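Notes for the structure review
Listed below are the residues making up each chain.
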Amino acid sequence: MRARRIATLDWDALEADIHACRQCVLGSGRTQAVPGVGDREARWMLVGEGPGKEEDRKGEPFVGQAGRLLDNMLGSIGLRRGEDVYIANTVKCRPPHNRTPEAAEIGACLPYLERQIELVRPQILIALGRPAAQALLGREIRIAAARGQRFAYRGISLVVTYHPAYLLRNPQDKARAWEDLCFARRLMAAGD
Ligand code: URA
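Residues numbered from 1 in each chain as written. Predicted model: local features only at pLDDT ≥ 70, side-chain atom pairs only at ≥ 80, totals over all residues. Heavy atoms only, no water.

**Examining the pairing of strand β4 (residues 124-128)**
Looking along a regular strand, one sees the side chains alternate between the two faces of the sheet. Convention followed: Throughout this description, buried means an accessible area under 20% of the type-specific maximum (1.4 Å probe, protein chains only), exposed means over 50%, and partly exposed covers the range between. Helix and strand definitions here come from DSSP, where helices need a minimum of 4 consecutive H or I residues and strands a minimum of 2 consecutive E residues; each element is numbered from the N-terminal end. A pair of strands is labelled paired if DSSP reports no fewer than 2 bridges between them.
Burial within β4 is extensive, with five of its five residues counted as buried. Alternating positions in β4 separate into two faces, I124, I126 and L128 on one and L125 and A127 on the other, with burial throughout. Alignment of strand β2 (residues 44-48) against β4, held across four bridges, turns out to be parallel. For V47, the partnering residue across the bridge sits in β4 and is A127. By the bridge criterion, five bridges tie β4 to strand β6 (residues 156-161) in an arrangement that is parallel. For I126, the partnering residue across the bridge sits in β6 and is V159.

**Considerations on empty space enclosed by the protein**
What counts is decided by this rule: Buriedness of a pocket was judged along seven lines, with at least five required to meet protein on both sides within 12 Å; pockets are open sets of points on a 1 Å grid over the protein atoms alone, cavities are sets where a 1.4 Å probe fits but cannot get out, and lining residues have an atom within 4 Å of a point. Grid points are joined across faces, edges and corners, and a volume is the space filled by probe spheres set on the points. In this classification, the charged set is Asp, Glu, Lys and Arg, the nonpolar set is Ala, Val, Leu, Ile, Met, Phe, Trp, Tyr, Cys and Pro, and all remaining amino acids, among them Gly, are polar.
Taken as a whole and judged by the stated rule, the model has one cavity of 30 Å³ or more. Of the volumes computed, that of the largest cavity is approximately 110 Å³. Lining the largest cavity are 15 residues, with C21, C24, K92, C93 and C109 sitting closest to its centre. Mapped onto the lining of the largest cavity, the elements with two or more residues apiece are α3 (26-29) and α6 (103-120). Per-element tally for the lining of the largest cavity: the top contributor is α6, with four residues. Its residues assigned to classes, the lining of the largest cavity shows nine nonpolar, two polar and four charged.

**Concerning unusual backbone geometry**
If you check the backbone angles, N98 has positive phi at about 55° while not being a glycine. Within the secondary structure, N98 sits in the loop between β3 (85-89) and α6. Taking relative accessible area as the criterion, N98 reaches 44% and is therefore assigned partly exposed. Positive phi is not limited to glycine here, since R154 has a value of about 45°. Given the relative accessible area of 57%, R154 is considered exposed.

**Digging into the layout of surface pockets**
As a volume, the largest pocket reaches approximately 540 Å³. Forming the walls of the largest pocket are 24 residues, and the residues nearest its centre are G50, A66, N98, H163 and A165. Sorting the residues of the lining of the largest pocket by element identifies α4 (53-58), α5 (65-76) and α9 (164-169) as the ones contributing at least two each. Among the elements that take part in the lining of the largest pocket, α9 stands out by supplying four residues, more than any other. For the lining of the largest pocket, the class distribution of residues is eight nonpolar, nine polar and seven charged.

**Re the site of the ligand**
This is how the line gets drawn: Being near a molecule or strand, for a residue, means having at least one of its heavy atoms within 4 Å of it. Each polar contact in these results corresponds to two N or O atoms within 3.5 Å; when the atoms are within protein, one needs to be able to donate a hydrogen and the other to accept it, and residues that are neighboring in sequence are counted only if both atoms are side-chain atoms. With residues, only the protein chains shown are counted as cover, and all accessible areas are computed by Shrake-Rupley using a 1.4 Å probe.
G48, E49, G50, E55, P61, F62, N89 and H163 make up every residue found near the ligand. In the model, an oxygen atom of the ligand is placed 2.7 Å from a nitrogen or oxygen of the E49 main chain. In this structure, a nitrogen atom belonging to the ligand sits 3.0 Å away from a main-chain N or O atom of G50. In the complex, 92% of the free accessible area of the ligand, which totals 240 Å², lies under the protein chains.

**Some thoughts on the pattern of salt bridges**
We apply this condition: For this analysis, a salt bridge means a side-chain nitrogen from Lys or Arg found within 4 Å of a carboxyl oxygen belonging to Asp or Glu.
For the structure on display, the rule yields 16 salt bridges. As a salt-bridge pair, D71 and R81 come within 3.0 Å of each other at their nearest N and O atoms. Placement of D71 in helix α5 and of R81 in the loop between α5 and β3 is noted, with a sequence separation of ten residues between them. For R176, the salt bridge identified is with D173, shortest N-O distance 2.5 Å. The exposure class of R176 is partly exposed, given its relative accessible area of 39%. The exposure class assigned to D173 is buried, which follows from its relative accessible area of 6%. What emerges from the salt-bridge pattern is a single network uniting E114, R115, E118 and R154.

Here it is, written out as structure tokens:
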């Protein structure tokens, strides 16, 4: 079974599998798959939605405008991309026209995200936006209602916040996202 096989892969085999994946339609429209980036032993792991145009071109998550905002958000709580931070996406291939990934696409890609989390073993997960939060929690949620709470994903603390692309369109919510990151930092400091 595919998911069981993916659950046994090491980093190199996992990334090779992601690059070769044709499990859903997103595999046929991508320039390249975008597995993830950062410190593979990070305590912080961030999960976005899916690669956009720039990410599809460069092969790295969050390198476009939303990524610059994400880097600033990380900086605001004393973190830097790649230093104790690993960044992945819910789907590894760019959805056409940056549409929201469909449930079947998220389901097909979930074993990869699950394996990444298992390999990184972070102390905290931050879901950026609704698709990531729903993929990790396995149920429907609204970010506005779920933020400020500590969830758990297989025993790992999970905090949800707004997606940086949403914040670019809705800058009035940036302060709330910053509160969410401070909440996550407090959970980390308390060892939760
Ligand atoms: N948005 C995401 O969710 N992920 C990226 O990698 C880029 C933009």
